[in-house]
Structures are given as C-alpha cells and as structure tokens.
Amino acid sequence: MKQTEAKEKLETLRKQLRRYNYEYHTLDQPSVSDDEYDKKLRELLDIETEFPQLITADSPSQRVGSEPLDAFQKVRHNVPMLSLGNSFDEQELRDFDRRARQGTEEEVSYVCELKIDGLAVSLKYEDGLLVRGATRGDGTTGEDITANLRTIRTIPLRLDAPETIEVRGEAFMPKKSFLSMNKAREEKGEMVFANPRNAAAGSLRQLDPRIAAKRNLDIFLYGVGEWQGEASKSHSERLERMKQLGLKTNPEWKKCKNIDEVIEYVNGWIEHRADLDYEIDGIVIKVDRLDQQKVLGFTAKSPRWATAFKFPAEEAVTKLITIELSVGRTGVVTPTAILEPVQVAGTTVQRASLHNEDLIREKDIRIGDTVIIKKAGDIIPEVVRVLDDQRTGEEEPFSMPETCPECGSKLVRLEEEVALRCINPNCQAQLREALIHFVSRNAMDIEGLGEKVIAQLFQEELIHNISDLYKLDRDELLQLERMGEKSVDNLLKAIEASKENSLEKLLFGLGIRYVGTKAASTLAQEFGVMDKLMEADADRLVQIPEIGEKMADSIARYFDKPQVHELIHALKQEGLNMEYNGPLLNEGPEDSPFNGKTIVLTGKMENYTRSEAKNIVQELGGKVTGSVSKKTDLLIAGEDAGSKLTKAEELGIEVWNEEDFANALED
Ligand code: IVH
C-alpha cells in the first residue's frame with residue numbers, strides 16, 4: 001500500500017470506528033457486531049504499524065494507555081471550576097428559588113440534573129480535537145490527566161464539528177465495574193476501594209495510564225467553561241448541542257417550569273436512585289436561561305444560579321447477629337457481618353462485608369453489637385461504626401480463626417497482605433470457587449453450569465476437583481434439583497465442546513495468580529503447548545516482554561506443585577486440548593541471529609520499509625515490539641533514530657545500524 005492510499009484508508013476507518021465507538025459506548029446502541037468492530041480496528045492497527053508516521057492523536061488506537069508519566073503538569077483553568085452551594089430540604093430549595101426570582105425580577109425556569117458522584121474534570125477541544133483533560137484541583141489550578149482521560153471510551157478524541165470548547169463533567173466508575181473490581185482485589189488480598197468515587201479518582205490520579213485503561217471508567221458532561229462562538233441561549237440548549245457534538249450528557253435531565261416541578265423531580269430520584277448503574281449523591285438545579293444566570297452571577301465560591309440538593313445520608317441502625325466466613329478461589333478468607341434485616345437506600349440489607357481482620361479490630365466490632373451501617377456510595381453495605389453506649393456486656397469480641405472454616409487447615413497471612421489465606425490445594429471451598437472460575441466465559445466457557453449447580457455437584461460429591469467435571473454422567477446429573485433432560489444434554493454438550501478450547505482458555509481457567517486473559521494468551525502463543533510452559537522456570541518466563549517478575553514467579557511456582565501436575569495429567573487423560581490453536585509464533589532457522597530475541601526497530605532505513613524489516617525479523621524467529629525496555633535484546637536503528645536509541649544506549653542494549661542488519665541477513 002502506498003502512503004497516500006494508507007492515509008485515505010485510515011481516515012475512513014477512523015471515522016467508522018469513531019461512529020461505532022459512540023454508538024456502542026455513549027448511545028448503548030451498536031449498529032455493528034463486536035467481530036466487525038474488531039476487524040476494522042485490526043485493519044487500522046495493521047496500517048498504523050506499517051505507517052507509524054500516520055498515527056494521529058485522535059486515532060481510536062490511542063486509547064490503550066500510554067507509557068507512565070513522571071508527574072502531572074499543573075493546569076490553570078481560564079474560567080475557574082467552582083463548586084455549588086447546597087440545599088438539604090424542600091424549604092431550602094424554595095429559598096433558592098425565591099432568591100433567583102428576586103435577583104432577576106422575573107419568573108425563572110430550571111434544569112434539574114443528577115449529581116454524579118465521581119471526579120470533576122475539564123476537557124478542552126481545539127478545532128474539535130481533544131487537546132487536554134484536567135482535574136478540578138482547587139478550582140483555579142488542576143492537574144493535566146489527559147493521558148488517563150483518553151482511555152475513557154465515552155470521551156470523544158474528536159468532536160463531530162470543529163468546535164473550540166472547554167467542557168466540564170464528572171468521570172465515574174459504574175457500580176457494576178466497581179463491584180467486580182473490588183471482588184478481584186479482595187481475592188488477590190489487595191486493599192479494596194471504599195466506594196466508586198474513590199475508585200474513579202484513584203484510577204485517574206495514577207501516573208500510569210494503563211491502569212486507568214483497565215478500570216472501565218465513564219463520564220457525563222454537564223457544563224461549559226468556555227466556548228468560542230457559542231450560540232446557546234439556555235443551559236438546556238447547551239446540553240442538546242453538547243450531545244450533538246458527540247459529548248456524553250446524562251439523559252435524565254429535565255426542564256422544570258417552577259420550583260414545584262423541581263421538588264417533584266428531586267423526590268422522584270430520592271426514591272429511584274438505587275435503580276441507576278452509577279452513584280449519585282444529589283440533584284443539581286440550574287437556572288435555565290443563560291442571560292438570567294449572568295444577572296445572578298457568583299458568590300466567592302459558587303454560582304447564585306445553581307444549587308446542589310444533597311440526598312439525606314443513607315444510614316441505618318441495626319444489630320450484628322454474627323460474623324460468617326467465606327473462602328474464595330485463591331483461598332482468601334473473608335469475614336461478613338450478618339445483620340438483622342434493615343432498609344437502606346431502597347433495599348433490604350442483611351449482610352455487610354467486613355473485608356479483613358484489621359478492619360474489625362480498628363472499628364472494634366463485636367458480635368451482638370448495635371451498629372450503624374451505610375451503603376458505601378450506595379451499593380455495598382458497610383459497617384460505619386459501633387454504638388458503644390448500646391453495649392450490654394454480652395457482646396463477644398471476634399477474632400479470625402487459625403484454621404480454614406471449610407477444610408480445617410492452618411491459615412496463613414502472606415507477606416504484605418492484609419488477608420488471611422487457606423493454602424490447602426484440596427480445600428473444598430477453594431475448589432468450588434475455582435470451578436466457578438474455570439467454567440466462566442473467558443475461561444472454558446461452559447454454559448449451563450451456574451454457581452448453584454456447582455454447589456450441588458460438590459455437595460452430592462459428584463465432583464471433587466476440576467477434572468471430575470469431564471467424568472460427569474447423564475444419570476447422575478439428572479438427579480440434581482432443577483436439571484431436566486434438555487439442560488443436562490446441553491450441559492454435557494458444552495462440557496464436551498470445551499475440550500477443544502485453545503490453550504489460553506485453559507490457562508486462564510486454571511486461575512494462576514496474576515494471570516489474566518491477556519497473559520494467558522501471551523503464554524499460549526509463546527509456548528504453543530502446555531508441556532513447554534510447564535518446563536519453563538521464572539528466568540525463562542520473565543524474558544517474555546509482557547510477563548513481569550511477579551507474574552513469572554507466580555507461574556513457575558504454580559507449575560512446580562505436584563498436584564498441578566496431577567491435574568494437568570488428568571485433564572489430558574480426559575482428552576482436553578493442550579495446544580494453542582491460533583497462529584503460532586515463528587521459529588526461524590537454527591542459525592538465525594533473531595531466533596527467540598525481542599527486537600525493536602526505529603528510525604528510517606534506506607533499503608527496507610519498517611514493515612519489510614519487521615516481516616524479515618519475524619520470519620527469522622524474532623519478536624518485534626514497539627518500545628525499548630530491559631527485555632529488549634537488540635535495537636535496529638536506521639537514520640534519525642531518536643529517544644529509543646538513547647534509551648537502548650542507556651540500558652546497554654546491543655544496537656545495529658542498517659548495514660549490520662543487511663550483513664546479518666547475508667550471513
Ligand atoms: S454543575 C459551577 N452539574 O458536583 C457549577 N456539578 O459541588 C458547576 N457534579 O464539583 C457544577 N454532577 O463535580 C454540576 N450535573 C452536575 C454535576 C455536578 C456532579 C459535581 C461537580 C462539582 C460538584 C458541585
């Protein structure tokens with residue numbers, strides 16, 4: 001492909017992908033299948049790899065999270081980002097309305113919006129291109145978090161019109177993502193986030209954008225800082241126009257003719273806030289007409305034309321009946337408070353996670369205590385504190401057991417972890433949880449095996465470990481509750497089909513610590529077959545560019561265990577595929593200088609295009625990566641090589657020029 005042709009093709013692809021992205025993430029109405037999207041994205045990535053000089057800042061490929069920063073740059077907001085005055089009840093809302101009508105000497109209508117509980121951010125677009133994203137900071141000066149914000153898929157990298165505009169909004173983490181992230185963190189013995197707001201803010205304040213990229217954040221934009229040539233006359237018009245530009249606004253906003261309608265809106269949401277998939281902590285009420293906003297102006301801290309109605313605190317008092325313990329897949333033992341059922345924020349709460357022993361001790365929580373509970377940002381019930389003055393003396397202090405509540409083996413606290421773990425590989429609870437993971441979608445993808453069925457299989461002793469899954473027979477399954485002929489046949493079919501899965505699905509399913517889907521794929525590609533992976537020690541594993549020390553160590557230790565060897569052997573006996581079914585990495589001729597090496601190409605060569613050189617290296621068994629690190633074996637640098645060359649020299653990595661490359665090929 002010629003460069004001019006590539007450029008045109010890239011423009012078309014980017015436009016299509018931008019559209020698909022918007023339909024999928026912002027409108028929630030995809031017009032094409034995931035496969036089709038992936039195909040187009042792959043096409044784009046291939047062309048960009050071949051013509052790296054054509055990569056633009058607004059390309060959909062630029063969302064994955066760039067290299068870590070050293071520090072955030074300070075950013076001055078031209079128009080300060082103010083906060084809002086609060087109202088706590090109906091009377092205060094009526095007072096706000098009276099002041100607005102007195103101040104304007106007119107009737108006033110309002111826009112009501114949900115007050116999203118996240119992190120306030122500003123996005124600046126120049127001629128339609130996203131040029132900067134920043135935190136609010138102290139209102140005057142914030143921090144440049146562009147690299148993190150770019151990873152949020154609902155933030156357009158380019159607007160649908162070449163506007164120069166600075167918009168404001170709230171970045172947040174949806175409740176679902178928050179819950180699953182915390183669950184995974186708890187399993188790994190890591191600290192959990194207290195609520196989605198902390199999780200969102202914590203993710204966006206990381207210097208490494210790859211962290212934010214993994215966190216599934218979202219945004220709603222609700223206002224304008226500056227807008228060159230703005231035509232809107234009211235806030236509601238602004239919201240409509242922002243939406244037309246491709247900016248994600250919250251769909252629940254409403255125009256209200258007077259304060260009575262405002263109060264009705266507020267009361268409606270006090271009741272229904274639990275139905276939303278994101279946290280809100282109130283309602284923002286804004287005077288709609290911009291000319292009236294101007295007349296009303298600002299106090300030192302906040303606009304006189306808006307107020308935030310804050311929801312009443314969602315707390316309740318109840319009794320802690322007992323503390324239950326559960327064992328997760330990785331053996332982490334988690335204490336849960338069992339409560340007398342009580343209503344909080346629209347739902348009945350009867351359990352609250354206590355996370356770990358440290359927390360129980362810190363709050364001095366005892367069995368029988370009267371406690372205040374709240375829903376941490378509304379989703380996860382949490383014990384706020386104990387009401388000491390309600391104690392009768394009957395309360396019993398709690399300490400974590402020394403042995404596993406399921407299997408009785410001794411619990412251990414691993415270094416630097418807050419969690420206690422059961423490390424008995426035959427612990428039933430762990431096996432049950434491990435099987436739930438093994439059959440999950442990204443792992444062996446066996447449909448029809450829900451948690452309840454798995455619990456039954458263990459209870460009825462039809463299964464003792466993962467490989468028993470492949471020994472289940474039809475008659476046994478038919479005896480289980482709620483399992484009819486059809487579901488049993490479908491289940492058996494799904495189990496049988498899973499035997500053909502490519503190696504990476506099995507690897508992920510094994511639940512090796514730190515090995516996610518991506519690492520599983522890398523390992524499957526690198527080693528091709530299970531046996532080779534099992535032989536690899538940590539030194540060998542850490543040579544793979546995507547595998548860090550911690551992961552390498554964990555993989556090597558996993559495959560060192562005799563019971564893992566037994567498991568793999570048993571799975572082989574059952575006929576499970578142990579090979580990677582995708583395209584294999586090339587192994588070059590024996591005397592190839594590139595075999596098994598990680599190579600970076602940079603600069604311009606006279607006789608080879610970048611993609612030609614890349615193909616040659618790959619055919620000769622080399623692996624080409626994009627950036628120089630400790631794991632790079634060789635840098636091939638053409639003319640005008642820049643920072644990659646400097647870095648390679650700093651790290652003492654071997655560097656070749658074009659002539660060296662050509663000579664090696666001749667040899
Ligand atoms: S308007 C000048 N609208 O609440 C007023 N704020 O204390 C600008 N927030 O810092 C704020 N949802 O982070 C506005 N729909 C919404 C909002 C909202 C959440 C946050 C924002 C601000 C704080 C107000």
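Throughout what follows, the structure given in this document is the object of discussion. Keep in mind that what you see is a predicted model, and the values were worked out from it rather than measured.

## Observations regarding the environment of Met551
Relative to the assigned elements, Met551 resides in helix 20 (residues 549–560). On the accessibility criterion, Met551 (15% relative accessible area) is buried. Sequence separation between Met551 and Ile512 is 39 residues; the distance between their C-alpha atoms is 9.1 Å. Not counting the four nearest positions on each side in its chain, Met551 is found in contact with Tyr514, Val515, Ala519 and Glu546.

## A few points about the pattern of salt bridges
Here the structure, examined in full by the defined rule, presents 38 salt bridges. With its nearest N and O atoms 3.6 Å apart, the salt bridge here joins Glu357 to Arg413. With Glu357 in helix 11 (residues 357–362) and Arg413 in strand 19 (residues 411–413), this pair connects stretches of sequence that are 56 residues apart. For Glu357, a relative accessible area of 15% gives the class buried.

## Observations regarding the nonpolar core
Ranked by size, the top nonpolar core spans 58 residues in total, and within it Leu469 and Met530 carry the most contacts. Those elements giving two or more residues to this core turn out to be helix 12 (428–438), helix 13 (451–459), helix 15 (485–498), helix 16 (503–509), helix 17 (517–527), helix 18 (530–535), helix 20 and helix 21 (562–573). With six residues, the top contributor of residues to this core is helix 20. Sequence-distant contacts of Leu469, that is, excluding residues within four places in its chain, are made with Leu435, Phe438, Val439, Ile446, Leu449, Ile463 and Ile495. Counting 32 residues, the second-largest nonpolar core is a separate cluster that includes Ile145, Ile165, Met181 and Leu247.

## Considering a negative patch on the surface
Among the surface-exposed residues, Asp34, Asp35, Glu36 and Asp38 lie close enough to one another that they form a single negatively charged patch. Along the chain, Glu36 falls in helix 2 (residues 34–50). Residue classification places Glu36 among the partly exposed positions, given a relative accessible area of 38%.

## Overview of the layout of surface pockets
Empty space within the second largest pocket amounts to approximately 1,400 Å³. Forming the boundary of the second largest pocket are 41 residues, of which Thr330, Gly511, Arg513, Tyr558 and Lys561 lie nearest the centre. Considering every element that reaches the lining of the second largest pocket, the biggest residue donor is helix 20, with six residues. Residues belonging to the lining of the second largest pocket are distributed by class as follows: 16 nonpolar, 11 polar and 14 charged.

## Let's talk about the site of the ligand
All residues in the neighbourhood of the ligand are listed as Ser83, Leu84, Glu113, Leu114, Lys115, Ile116, Ala120, Glu170, Tyr222, Val284, Lys286 and Pro303. Within the side chain of Glu170, an N or O atom sits 2.5 Å from an oxygen atom of the ligand. Against a free-state accessible area of 530 Å², the protein chains account for coverage of 86% of the ligand. Residue assignment for the shell around the ligand shows that the elements contributing at least two residues are strand 3 (110–116) and strand 10 (280–287). Top contributing element to the shell around the ligand by residue count: strand 3, with four residues. Along the lines of polarity and charge, the residues of the shell around the ligand split into seven nonpolar, one polar and four charged.

## Description of the side chain of Thr336
Within the secondary structure, Thr336 is located in strand 13 (residues 332–344). Judged by its relative accessible area of 11%, Thr336 is buried. Not counting residues within four places of it along the chain, the set of residues in contact with Thr336 comprises Thr322, Ile323, Glu324, Arg351, Ala352, Ser353 and Leu354.

## Description of the sheet that holds strand 3
Spatially, 2-11-10-3-9 is the arrangement adopted by the five strands of the open sheet, whose pairing is mixed. A strand with exactly one partner marks an edge of an open sheet, and here the two such strands are strand 2 (86–87) and strand 9 (254–256). Pairing between strand 3 and strand 9: three bridges, direction antiparallel. Following the sheet pairing, Tyr110 is matched in strand 9 by Cys256. Lying on the sheet, helix 3 (residues 90–104) is in contact with strand 2, strand 3, strand 10 and strand 11 (306–310); it crosses strand 11 at an angle near 175°. Contacting strand 3, strand 9 and strand 10, helix 8 (residues 235–244) crosses the sheet at an angle of about 55° to strand 3.

Scoring rules and cut-offs
- Residues numbered from 1 in each chain as written.
- Predicted model: local features only at pLDDT ≥ 70, side-chain atom pairs only at ≥ 80, totals over all residues.
- Heavy atoms only, no water.
- Helix = DSSP H or I, 4+ residues; strand = E, 2+ residues; numbered from the N terminus.
- Buried < 20%, exposed > 50% of the residue type's maximum accessible area, 1.4 Å probe, protein only.
- Contact = heavy atoms within 4.5 Å.
- Salt bridge = Lys/Arg side-chain N within 4 Å of Asp/Glu carboxyl O.
- Core = buried A, V, L, I, M, F, W, Y, C linked by side-chain atoms within 4.5 Å.
- Patch = residues over 30% accessible without salt bridge, like charges linked within 9 Å, V, L, I, M, F, W, Y side chains within 5 Å.
- Areas by Shrake-Rupley, 256 points an atom, 1.4 Å probe, with all protein chains shown as cover.
- Lys, Arg positive; Asp, Glu negative; His and termini not counted.
- Charge placed at Lys NZ, Arg CZ, Asp CG, Glu CD.
- 1 Å grid on protein atoms, 1.4 Å probe; cavity = no way out; pocket = protein on both sides within 12 Å on 5 of 7 lines; lining within 4 Å.
- Points joined across faces, edges and corners; volume = space filled by probe spheres on them.
- Nonpolar A, V, L, I, M, F, W, Y, C, P; charged D, E, K, R; others polar.
- Near = heavy atom within 4 Å.
- Polar contact = N/O pair within 3.5 Å; in protein donor to acceptor, adjacent residues only side chain to side chain.
- Pairing = 2+ DSSP bridges.
- Axes fitted to C-alpha atoms, helices over the stretch in contact; angles between N-to-C directions.

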